[in-house]
Amino acid sequence: MSRRVTPALLAGAVLLAGLVGCSTDARKTEDRQPPVERPPVATPTPKVPAGKAPQRSFAVGVRQLKLNRDGRALPTTLWYPAAGESGGAARRSATAAEGRFPVVMFSHGLGGRPDDYATLLTRWAAAGFVVAAPTFPHTSAGGDNNVLDVLNQPADVSYALDQVLALDGTAGDSLRGRLDGERVAAAGHSAGGVTTIGLFTASRDKRLDAGVVFAGTALGVGTAFAGASAPQLFVHGELDEVVDYAAGKAAYDKVPWPKAMLSLPRGDHGRTMLRDKAALRVVSDTSVEFLRWSLYGDPAAKKRIATDATRGAIATLDDHL
């Protein structure tokens, strides 16, 4: 069945194409109708019960899952808390640490791959989270740059989450009994931020308790946030040369739940966040405390968010948590 390419969709394709610095051949893109906007609905407070997050720093293990959703190859990298002394590089297939850990699904940006974000994601794993990052078939490095395929990625993430959580009950798997499927978040950068917003709007995954959006926009997935309350942390550079800061702020403003926006006045589209040590520390510490609060239900972590966010005057925090 053929689908009509609308002017709005083409405009979206042009903007998304800019994320990888290339134009899009419309003949190679799938035509998707944008979702219908619905007004935000008031929702209850976060469902994660109060608890205490681990304060120790874990060693980090890493492994790969070979996943495939209806012909869409989704190789997925898992970083997880591992047994042994903390520090050092992530160890392949290391023994998982004792305990049950929340899960964070991470989506990379256009032209990227999970390893590009390893510096940040291993910090999350060391803090007590299992991080699963699919490599998307069309928008990753080496893909065909079909930018509209971003609209298929929320379903990819939900499928990958199914497979990751299934490991908790798989006999002989190293993560058996280590995954807490009642405490799950989604996070992503750039086009992965679009994917993440989509998981709370047009493609709401009811299992998600929180979201972290880096340099994201609601383009193509809308701002009709739905379902149970899921706190959101947005992170955006005010000098972002790809996704305008105002576009990220507009999506953030539509979130009807507890939320905060970490703004980096000298931050760009992502290089600053991942490569500048001071900025990385602020972003990683703030996001870790946000995840400790939103997934472990740790009230002490919530109190530390503002302190970590404003350390060194590198960033500002709009706090409505």
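The structure this text deals with has already been given above.
Sequence order sets the numbering: in each chain, residues are counted from 1 along the sequence as written. Reporting of local features is limited, given that this is a predicted model, to residues whose pLDDT is at least 70; pairs of side-chain atoms are given and counted only at 80 or more, and all residues count toward the totals for whole chains, interfaces and linings. Note: side-chain values were computed over all heavy atoms of the structure, leaving out hydrogens and water.

**Q** Explain the overall build of the protein to me, and be specific about the residues and the numbers.
**A** The secondary structure content of the protein amounts to eight helices and 12 strands. Here the protein, with 321 residues, has 55% of them falling under the buried criterion. When checking whether two residues touch, look at their non-hydrogen atoms; a contact exists if any pair is within 4.5 Å. Taking contacts inside the protein between residues at least 6 apart in sequence as the whole, the part at least 24 apart equals 71%. For the area figures, the Shrake-Rupley method with a 1.4 Å probe applies, and any residue is considered shielded solely by the protein chains shown. For the protein, the accessible area works out to roughly 13,500 Å², and carbon and sulfur atoms hold 53% of it. Each helix is a run of H or I in the DSSP string that is no shorter than four residues. Each strand is a run of E no shorter than two, and both are numbered from the N terminus. A simple rule labels every residue: compare its accessible area, found with a 1.4 Å probe on the protein chains alone, to the largest value its type can have, and call it buried under 20%, exposed over 50%, or partly exposed in between.

**Q** Lay out the layout of surface pockets with the relevant residues and their values.
**A** One number sums up the size of the largest pocket: a volume of about 350 Å³. Contributing to the lining of the largest pocket are 16 residues, with Tyr-117, His-189, His-269, Gly-270 and Arg-271 lying nearest its centre. Residue contributions to the lining of the largest pocket peak at three residues, all from helix 6 (residues 271-275). Three classes are used, and their members are as follows: Ala, Val, Leu, Ile, Met, Phe, Trp, Tyr, Cys and Pro are nonpolar, Asp, Glu, Lys and Arg are charged, and the others, Gly among them, are polar. In terms of residue class, the lining of the largest pocket is made up of five nonpolar, seven polar and four charged. Buriedness for pockets is judged along seven lines, at least five of which must meet protein on both sides within 12 Å for an open set on the 1 Å grid over protein atoms alone, while cavities are sets there where a 1.4 Å probe fits but cannot get out, and lining residues have an atom within 4 Å of a point. Grid points are joined across faces, edges and corners, and a volume is the space filled by probe spheres set on the points. One number sums up the size of the second largest pocket: a volume of about 290 Å³. Lining the second largest pocket are 21 residues, and of these Ser-57, Thr-122, Arg-123, Ala-126 and Ala-127 lie nearest its centre. Put simply, the parts of the chain that give the lining of the second largest pocket at least two residues each are strand 1 (59-65), helix 2 (118-126) and helix 7 (277-296). Per-element tally for the lining of the second largest pocket: the top contributor is helix 7, with five residues.

**Q** I'd like a rundown of empty space enclosed by the protein, residues and numbers included.
**A** Tallied over the entire structure, the rule returns two cavities of 30 Å³ or more. There is about 80 Å³ of room inside the largest cavity. Contributing to the lining of the largest cavity are 13 residues, with His-236, Gly-237, Asp-268, Gly-270 and Met-273 lying nearest its centre. Going through the elements one at a time, strand 10 (232-237) and helix 6 are the ones with two or more residues in the lining of the largest cavity.

**Q** Outline the pairing of strand 10, supporting the account with residue identities and numerical values.
**A** For strand 10, the buried fraction is high: six of the six residues fall into the buried class. Side chains of strand 10 alternate between two faces, with Gln-232, Phe-234 and His-236 and Leu-233, Val-235 and Gly-237 buried alike. We call two strands paired when DSSP finds no fewer than two bridges between them. As judged from the four bridges shared by strand 9 (residues 210-214) and strand 10, these two strands associate in the parallel manner. Counterpart to Val-213 in the pairing with strand 10 is Phe-234.

**Q** Describe the packing of aromatic side chains, listing the residues and the values that go with them.
**A** Whether two aromatic rings pair depends on their centres lying within 6.5 Å, for rings of Phe, Tyr and Trp, where Trp uses its six-membered ring; planes under 30 degrees apart make the pair stacked, over 60 edge-to-face, and the rest tilted. Under the defined criterion, the tally for this structure stands at nine aromatic pairs. Between the aromatic rings of Phe-200 and Trp-257, the centroid separation amounts to 6.1 Å while the plane-to-plane angle is 70°, which identifies the pairing as edge-to-face. Taken together, the residues span a long stretch of sequence, with Phe-200 in the loop between helix 4 (191-198) and strand 9 and Trp-257 in the loop between helix 5 (245-253) and strand 11 (259-264) at a distance of 57 residues. Each member of the pair, Phe-200 as well as Trp-257, is classed as buried. Aromatic side chains Phe-225 and Trp-257 sit 5.6 Å apart centroid to centroid with 75° between the ring planes, which places their arrangement in the edge-to-face category.

**Q** Would you mind going over the nonpolar core in detail, with residue names and values included?
**A** If you look at the biggest cluster of nonpolar residues, it comprises 89 residues, and the most contacted ones within it are Val-104, Phe-106, Trp-124, Phe-214, Leu-262 and Leu-291. It is helix 7 that provides the largest number of residues to this core, a total of nine residues. Not counting chain neighbours up to four residues away, the residues in contact with Phe-214 comprise Phe-106, Leu-120, Trp-124, Gly-188, His-189, Ser-190, Val-235, Met-273 and Val-283. We call a set of buried residues a nonpolar core when its members are Ala, Val, Leu, Ile, Met, Phe, Trp, Tyr or Cys and they connect through side-chain atoms within 4.5 Å of each other.

**Q** Any details on the packing of helix 7 against helix 8 (residues 299-309)? Residues and values, ideally.
**A** Angles run from 0 to 180 degrees between N-to-C directions of axes, and those axes are lines fitted to C-alpha atoms, restricted for helices to the stretch in contact. With their axes 8 Å apart at the nearest point, helix 7 and helix 8 run at an angle of 165° to one another. Taken together, helix 7 and helix 8 sit at an angle that is classed as roughly antiparallel. Crossing of helix 7 against helix 8: the hand is left-handed. Contacts between helix 7 and helix 8 involve Val-282, Asp-285, Thr-286, Glu-289, Phe-290, Arg-292 and Trp-293 on the former and, on the latter, Ala-301, Lys-302, Arg-304, Ile-305, Asp-308 and Ala-309. Among the residues making up the contact of helix 7 with helix 8, the classes are represented as six nonpolar, one polar and six charged. Any angle that is under 35 degrees is reported as roughly parallel, and any over 145 degrees as roughly antiparallel; angles of 65 to 115 degrees are reported as roughly perpendicular and all others as oblique. It is the rotation of the near helix from the far one that decides the hand of a crossing: anticlockwise by less than a right angle makes it left-handed, clockwise makes it right-handed.

**Q** Provide a residue-level description of the pattern of salt bridges, including the pertinent values.
**A** By definition, a salt bridge exists where a carboxyl oxygen of Asp or Glu is found within 4 Å of a side-chain nitrogen of Lys or Arg. Under the criterion given, the structure shown has 18 salt bridges. Among the salt bridges present, the one from Asp-162 reaches Arg-207, with a minimum N-O distance of 2.5 Å. Of this pair, Asp-162 sits in helix 3 (residues 153-166) while Arg-207 sits in the loop between helix 4 and strand 9, and the two are 45 residues apart along the sequence. On the basis of relative accessible area, Asp-162 is assigned to the partly exposed category, the value being 37%. With its nearest N and O atoms 2.6 Å apart, the salt bridge here joins Arg-311 to Asp-308. A relative accessible area of 7% places Asp-308 in the buried class. What emerges from the salt-bridge pattern is a single network uniting Arg-69, Arg-72, Asp-149 and Asp-156.

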